[in-house]
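Each chain is listed here by its residues.
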Amino acid sequence: MKKDELAKLQAYLRKTFGASKLEVRPQPKKEDMAEVFIGGEFVATLYREEEEGEVSYQFQMAILEMDLEEA
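A. The layout of surface pockets, seen in detail. Computed from the structure, the largest pocket encloses a volume of approximately 250 Å³. When the residues that make up the lining of the largest pocket are grouped by side-chain class, the tally is seven nonpolar, two polar and two charged.

B. The sheet that holds strand S4 (residues 54–60), seen in detail. A sheet is described by the order of its strands in space; here four strands give the open sequence S1-S2-S3-S4, paired in antiparallel fashion. Each edge of the open sheet is held by one strand with a lone partner, namely strand S1 (22–26) and S4. Averaged over all pairs of adjacent strands, the angle between their axes in this sheet comes to 25°, without regard to strand direction. Where helix H1 (residues 3–17) meets the sheet, it contacts S1, strand S2 (33–38), strand S3 (41–51) and S4, and its direction lies at approximately 155° from that of S1.

C. The arrangement of the nonpolar core in detail. Counting twelve residues, the largest nonpolar core consists of Met1, Leu6, Leu9, Leu13, Ala19, Leu22, Val24, Ala34, Val36, Val43, Ala44 and Leu46. Secondary structure elements with two or more residues in this core: H1, S1, S2 and S3.

D. Just H1, in detail. Taking 1.5 Å of rise per residue, the 15 residues of H1 would be expected to cover 21 Å, and the 21 Å separating its terminal C-alpha atoms lies within 8% of that figure. Where H1 is concerned, the buried positions are Glu5, Leu6, Leu9, Gln10 and Leu13. Within H1, the buried residues cover an arc of 135° as seen down the axis, which keeps them to one side. Away from its buried face, by an angle of more than 90 degrees, H1 presents the exposed residues Lys8, Tyr12 and Lys15. In this structure, the buried side of H1 is in contact with S1, S2, S3 and S4. Just downstream of H1 lies Gly18, where phi reads positive at about 60°.

The rules behind each value
Residues numbered from 1 in each chain as written. Predicted model: local features only at pLDDT ≥ 70, side-chain atom pairs only at ≥ 80, totals over all residues. Heavy atoms only, no water. 1 Å grid on protein atoms, 1.4 Å probe; cavity = no way out; pocket = protein on both sides within 12 Å on 5 of 7 lines; lining within 4 Å. Points joined across faces, edges and corners; volume = space filled by probe spheres on them. Nonpolar A, V, L, I, M, F, W, Y, C, P; charged D, E, K, R; others polar. Pairing = 2+ DSSP bridges. Helix = DSSP H or I, 4+ residues; strand = E, 2+ residues; numbered from the N terminus. Axes fitted to C-alpha atoms, helices over the stretch in contact; angles between N-to-C directions. Contact = heavy atoms within 4.5 Å. Core = buried A, V, L, I, M, F, W, Y, C linked by side-chain atoms within 4.5 Å. Buried < 20%, exposed > 50% of the residue type's maximum accessible area, 1.4 Å probe, protein only. Expected span 1.5 Å × (residues − 1). Arc of directions from axis to C-beta.

Put into structure tokens, the structure is as follows:
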């Protein structure tokens with residue numbers, strides 16, 4: 001993903017989740033993937049998909065059972 005695309009995604013996710021410390025960082029080994037961090041902690045992956053000229057993004061966040069115990 002390009003820098004301007006990452007910046008737009010970051011702004012959208014910050015607004016959507018109310019998380020000013022959220023960062024979208026490129027994944028250096030994959031052009032269609034980025035990583036999402038909040039306060040420096042990895043929380044999710046973000047994939048760019050293009051099909052028939054339509055672009056969409058898939059946000060994937062795994063929640064471990066042990067993380068729920070701390071909530």
